[in-house]
Amino acid sequence: MGTLRIPDMVPSPTEDCQTLVTSFKGLGTNEKSVISVLGHRNASQRKKIRETYQQLYNKSLVDDIYSELSGDFRKAVVLWTYEPFERDARLANEALKSRKKTITQLQVIVEIACASSPDHLVAVREAYCGLFNRSLEEDITANVPMPVQKVLIGLVRSYRYDKQLVDPSIANAEAAILREAIRTKQLDFDNFLIILSTRNVHQLRATFECYKKNYGFSIDQDIKSCGKGLLESILKVVIWCIDSPEKHFAEVVRASVVGLGTDEDSLTRAIVTRAEVDMMKVRGEYFIANKTSLDNAVIDDTSGDYRKFLMTLLGAKV
């Protein structure tokens, strides 16, 4: 369940566009009006606003937002305003073009491939080609070293069955295959990666349950025991995004605010991408793991209009 709050009486797209264009006029921008409109509209409503804005004023709403806002607030509003599949395509490209190729960057690809629907992944791949004149697979190949490249290519090429179908005998047999690959530290073994990248999420969750029941530890714990490299870290994210996406995104938020400074890009991504999906569950997992609220973490580590916008997406009245 998401945290986005939509008013009972939603203005027409034309009225919303008029409010937005008025907020951009004159010296300075009325940021409160921008938040009050875009921070309370779902994806289909935002799409109609973008289309209507283009028709009425013959210019892009995203371009106007970019020219009128600044900093982390601007980036959050722009990401939120995009079509979800275009947003994820741009996030994937940004991650792959980053100079750093740590888990912080590359987990974005895993999130898109494993914490979204198969149809969404297809739409992201199509959008990526349209935006960047290359395929997502091409850029993974060009920018990510082996064996992590092999993992990511397998994930983004996959089209998983999207219904709840579980075969207990397959779960038990494949738990044994996963266990042997981990025991021998062959984490890039073809059968190991094929299982993780092709089975439906319900089947995989059953397999992970069998693994823990049969071998005493969760699969992510055993993967962690293989080492602390990028491959092990990526595979842990794969497991979490399949088994419990909300647990993964709670960890993304925690990692973004812990220590000195804030990783605003990661914090923004977690909230913007999950506000309409499962942010209530992310909140719950955050509290279980950290014994404090996710909302308080955001309030403590952000400020100004950026904080107001994120808190609006989290359902707060600001």
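Coordinates for the structure precede this section.
The numbers attached to residues start from 1 for each chain and follow its sequence in the written order. Under the rules for a predicted model, residues below a pLDDT of 70 receive no local features and side-chain atom pairs below 80 are neither given nor counted, while totals for whole chains, interfaces and linings still include all residues. Excluded from the side-chain calculation are hydrogens and water; included are all heavy atoms of the structure.

Peer 1: How should the overall build of the chain be read in this particular structure?
Peer 2: What the chain contains, in helices and strands, is 20 helices and zero strands. Restricting the calculation to C-alpha atoms gives the radius of gyration, and the globule rule supplies 2.2 Å times the number of residues raised to the power 0.38. For a compact globule of 318 residues, the expected C-alpha radius of gyration is about 20 Å, and the chain comes in at 21 Å, within 12% of that figure. Based on the C-alpha atoms only, the size of the chain along its principal axes is roughly 65 × 45 × 40 Å. Summary of the burial criterion: residues with accessible area below 20% of their type's maximum are buried, those above 50% are exposed, and those between are partly exposed, where the area comes from a 1.4 Å probe applied to protein chains only. The 318 residues of the chain split such that 48% are buried. A total of about 15,300 Å² of accessible surface is found on the chain, and carbon and sulfur atoms cover 51% of it. We score Asp and Glu as negative and Lys and Arg as positive, and we do not count His or the chain ends. Charged side chains are reduced to one point each, which is NZ for Lys, CZ for Arg, CG for Asp and CD for Glu. Distance between charge centres in the chain, computed from 43 positive and 42 negative side chains, equals 2 Å. Secondary structure is summarised from DSSP: a helix means a run of H or I of at least four residues, a strand means a run of E of at least two, and numbering begins at the N terminus for each. Surface accessibility follows the Shrake-Rupley procedure with a 1.4 Å probe radius. Residue values consider only the protein chains on display as shielding.

Peer 1: How should I be thinking about the side chain of Thr-81 in this particular structure?
Peer 2: Looking at where Thr-81 falls in the secondary structure, it is placed in helix 5 (residues 71–81). Look at Thr-81 and you get buried, because its relative accessible area is 1%. Those residues in contact with Thr-81 that sit more than four places away from it in its chain are Leu-38, Arg-46, Arg-50, Leu-61, Val-62 and Ile-65. Residue contacts are counted whenever heavy atoms from the two residues lie within 4.5 Å of one another.

Peer 1: Quick question: what am I supposed to make of the environment of Gln-221 here?
Peer 2: Inspection of the secondary structure assignment puts Gln-221 in helix 14 (residues 219–224). For Gln-221, a relative accessible area of 42% corresponds to the partly exposed category.

Peer 1: Help me understand unusual backbone geometry in this model?
Peer 2: For residues besides glycine, phi is generally negative; the peptide bonds are generally trans as well. With an omega of 0°, the peptide bond between Met-146 and Pro-147 qualifies as cis. By the element assignment, Pro-147 lies in the loop between helix 9 (136–143) and helix 10 (148–157). Residues other than glycine seldom take positive phi values, yet Lys-185 does so here, at roughly 55°. Judged by relative accessible area, Lys-185 falls into the exposed class, the value being 56%.

Peer 1: I tried to follow the nonpolar core on my own but got confused; where do I start?
Peer 2: Soluble globular proteins: nonpolar side chains tend toward being buried together. The set of buried Ala, Val, Leu, Ile, Met, Phe, Trp, Tyr and Cys residues whose side-chain atoms join them within 4.5 Å is what this entry labels a nonpolar core. Leu-152 and Phe-192 are the most contacted members of the largest nonpolar core, which totals 98 residues. With near-sequence residues (within four places) excluded, Phe-192 lies in contact with Leu-178, Ala-181, Ile-182, Leu-187, Ile-223 and Leu-235.

Peer 1: What's the story with the packing of helix 7 (residues 103–114) against helix 15 (residues 230–243) in this structure? I'm lost.
Peer 2: Two packed helices can be described by the angle between their axes and the distance between those axes. Contact geometry of helix 7 with helix 15 gives a least axis separation of 9 Å together with a crossing angle of 35°. Of the two possible hands of crossing, helix 7 and helix 15 adopt the one that is right-handed. Together, Ile-103, Leu-106, Gln-107, Val-110, Glu-111 and Cys-114 of helix 7 and Leu-230, Ser-233, Ile-234, Val-237, Val-238, Cys-241 and Ile-242 of helix 15 make up the contact between the two elements. Here the contact of helix 7 with helix 15 is composed, by residue class, of 10 nonpolar, two polar and one charged. Comment: axis = line fitted to C-alpha atoms, over the contacting stretch for helices; angle = value between 0 and 180 degrees taken between N-to-C directions. Two helices cross in a left-handed way if the nearer one is turned anticlockwise from the farther one by less than a right angle. They cross in a right-handed way if the turn is clockwise. The nonpolar class holds Ala, Val, Leu, Ile, Met, Phe, Trp, Tyr, Cys and Pro. Asp, Glu, Lys and Arg form the charged class, and all remaining residues, Gly among them, are polar.

Peer 1: How should I be thinking about the state of the cysteines in this particular structure?
Peer 2: Such a bond, covalent and formed between the sulfur atoms of two cysteines, is termed a disulfide. A pair of sulfur atoms, both from cysteines and within 2.5 Å, is called a disulfide here. For the structure shown, the criterion picks out zero disulfides. The structure places no disulfide on Cys-226, whose sulfur is separated from the nearest cysteine sulfur, that of Cys-114, by 18 Å. For Cys-226, a relative accessible area of 13% puts it in the buried group. Of all cysteine sulfurs in the structure, the one in Cys-114 sits closest to Cys-241, which takes part in no disulfide; the separation is 6.1 Å.

Peer 1: What is the right way to read helix 9 from this model?
Peer 2: Since the α-helix advances by 3.6 residues per turn, residues separated by three or four positions end up pointing in the same direction. The complete set of buried residues in helix 9 reads Leu-136, Glu-137, Asp-139 and Ile-140. The arc that holds every buried residue of helix 9, seen down its axis, measures 165°, which confines them to one face. In the core, the buried residues of helix 9 are packed alongside helix 6 (84–97), helix 7, helix 8 (118–132) and helix 10. This arc corresponds to the set of directions leading from the helix axis out to the C-beta atoms.

Peer 1: Explain the pattern of salt bridges here, please?
Peer 2: A side chain with one charge can pair with a side chain of the opposite charge if their charged atoms come near. Note on definitions: salt bridges are taken to be side-chain nitrogens of Lys or Arg within 4 Å of carboxyl oxygens of Asp or Glu. Under the criterion given, the structure shown has 19 salt bridges. With a shortest N-O distance of 3.3 Å, Lys-59 and Asp-64 are connected by a salt bridge. Residue classification places Lys-59 among the partly exposed positions, given a relative accessible area of 36%. Looking at Asp-64, the relative accessible area reads 13%, which means it is buried. Its salt-bridge partner being Arg-283, residue Asp-295 comes within 2.8 Å of it at the nearest N-O pair. Of this pair, Asp-295 sits in helix 19 (residues 294–301) while Arg-283 sits in helix 18 (residues 279–290), and the two are 12 residues apart along the sequence. What you see here is one network of salt bridges that share partners, running through Lys-75, Glu-94 and Asp-265.

Peer 1: What should I look at first to understand the environment of Met-1 in this one?
Peer 2: One can find Met-1 in the segment before helix 1 (13–24). In this structure Met-1 comes out as exposed when scored by relative accessible area, which is 67%. Along the backbone, Met-1 and Gln-164 are 163 residues apart, and their C-alpha atoms lie at a distance of 19 Å. Ignoring anything within four residues of it in the chain, the contact list for Met-1 reads Val-277, Asp-278, Met-279, Met-280 and Lys-281.

Peer 1: Where do I start with the packing of aromatic side chains in this structure?
Peer 2: The relative placement of two aromatic rings is captured by the distance of their centres and the angle of their planes. Working definition: rings of Phe, Tyr and Trp (its six-membered ring) pair if their centres are within 6.5 Å, and the pair is stacked with planes under 30 degrees apart, edge-to-face with planes over 60 apart, and tilted otherwise. In total, this model carries four aromatic pairs according to the counting rule given. Charge-over-ring placement is defined geometrically: NZ (Lys) or CZ (Arg) within 6 Å of the ring centre, and within 35 degrees of the ring normal. A cation sits over an aromatic face here: Arg-46 above Trp-80, 3.7 Å from the ring centre.

Peer 1: Is there a simple way to explain the packing of helix 10 against helix 12 (residues 190–198) in this structure?
Peer 2: Two elements in contact, helix 10 and helix 12, have axes separated by 9 Å at closest approach and are oriented at 35°. Note that helix 10 runs across helix 12; the crossing there is right-handed. Touching Lys-150, Val-151, Gly-154 and Leu-155 of helix 10 are Asp-190, Leu-193, Leu-196 and Ser-197, all from helix 12. Residue composition of the contact of helix 10 with helix 12, by class: four nonpolar, two polar and two charged.

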